[in-house]
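What follows is the residue order along each chain.
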Amino acid sequence: MKAFFRFLYEIIGSPQPPADTPVYRDVIFPNIGLLNLGLSLALVVVFYYVINRAMGVATFNKGRHWGIFFFLNAVLAFIIAIWQANAQQATEHSYIYWLATWNAVLSMLWFFVFSLILRRGSTNASTTPF
């Protein structure tokens, strides 16, 4: 898993400053990657299975409602990346914000993929987002 997340998160460049590279590769990248996957999956499950199936809220199945969860996912992923970097005491650098932005973009990708896979199980939102 470390190699997979290292590949994903080093697309934007090597961690900066170079002294923090081992911390990013061994701890931060796997942590934010797994949290990102879990968060995206959890929000998709909440949207499709909790709100639009179990609760049967027939009015919360539009594209704009899906968009709310989509962007909430991105904002939370951005915050998680900054939180993880600070929790591991990585040196303050603009790289942290680039990493957080890239994490938000990846979270939107994961959210979209999970939506395509799991939307069929919803009774009210099986055609959302399209």
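Above this text is the structure in question.
*Asks:* Any chance you could break down the overall build of the chain for me, citing the residues and the numbers?
*Replies:* Broken down by element type, the chain carries 4 helices and 0 strands. When the helices and strands of the chain are listed from N to C terminus, the series reads α-α-α-α. Dimensions of the chain, computed from C-alpha atoms along their principal axes, come out at roughly 50 × 25 × 20 Å. A sequence separation of at least 24 residues applies to 73% of the contacts in the chain between residues at least 6 apart.

*Asks:* Outline the side chain of Thr21, supporting the account with residue identities and numerical values.
*Replies:* Following the sequence through the fold, Thr21 ends up in helix H2 (residues 21–54). At 3.0 Å, the side chain of Thr21 and the backbone oxygen of Pro18 are in polar contact.

*Asks:* Which residues make up the packing of H2 against helix H3 (residues 63–87), and what values go with them?
*Replies:* Where H2 contacts H3, the two axes come as close as 10 Å, and the packing angle between them is 155°. With respect to H3, the element H2 is oriented roughly antiparallel. The two elements H2 and H3 cross, and the hand of that crossing is right-handed. From H2, Ile28, Asn31, Ile32, Leu35, Asn36, Leu39, Ser40, Leu43, Val46, Phe47, Tyr48 and Ile51 reach across to H3, where they touch His65, Trp66, Phe69, Leu72, Asn73, Leu76, Ala77, Ile80, Ala81, Trp83, Gln84 and Ala85.

*Asks:* How would you summarise a nonpolar patch on the surface if you had to cite specific residues and measurements?
*Replies:* A surface patch of nonpolar side chains, about 530 Å² in accessible area, is lined by Leu109, Phe112, Val113, Leu116, Ile117 and Phe130. Structurally, the position occupied by Phe112 is in helix H4 (residues 94–118).

*Asks:* Describe the nonpolar core, and please don't skip the residues or the numbers.
*Replies:* The biggest cluster of nonpolar side chains holds 33 residues, and the ones touching the most others in it are Tyr9, Tyr24, Ile28, Phe29, Ile32, Leu99 and Phe111. Listing elements by their share of this core, those giving two or more residues are helix H1 (2–9), H2, H3 and H4. Tallying contributions element by element places H2 first for this core, with 11 residues. Apart from residues lying up to four places away in sequence, Ile28 is in contact with Val23, Gln84, Ala85, Gln88, Ala90 and Leu99.

Definitions and cut-offs
Residues numbered from 1 in each chain as written. Predicted model: local features only at pLDDT ≥ 70, side-chain atom pairs only at ≥ 80, totals over all residues. Heavy atoms only, no water. Helix = DSSP H or I, 4+ residues; strand = E, 2+ residues; numbered from the N terminus. Contact = heavy atoms within 4.5 Å. Polar contact = N/O pair within 3.5 Å; in protein donor to acceptor, adjacent residues only side chain to side chain. Axes fitted to C-alpha atoms, helices over the stretch in contact; angles between N-to-C directions. Parallel < 35°, antiparallel > 145°, perpendicular 65-115°, else oblique. Left-handed = near helix turned anticlockwise from the far one by under 90°. Patch = residues over 30% accessible without salt bridge, like charges linked within 9 Å, V, L, I, M, F, W, Y side chains within 5 Å. Areas by Shrake-Rupley, 256 points an atom, 1.4 Å probe, with all protein chains shown as cover. Salt bridge = Lys/Arg side-chain N within 4 Å of Asp/Glu carboxyl O. Core = buried A, V, L, I, M, F, W, Y, C linked by side-chain atoms within 4.5 Å. Buried < 20%, exposed > 50% of the residue type's maximum accessible area, 1.4 Å probe, protein only.

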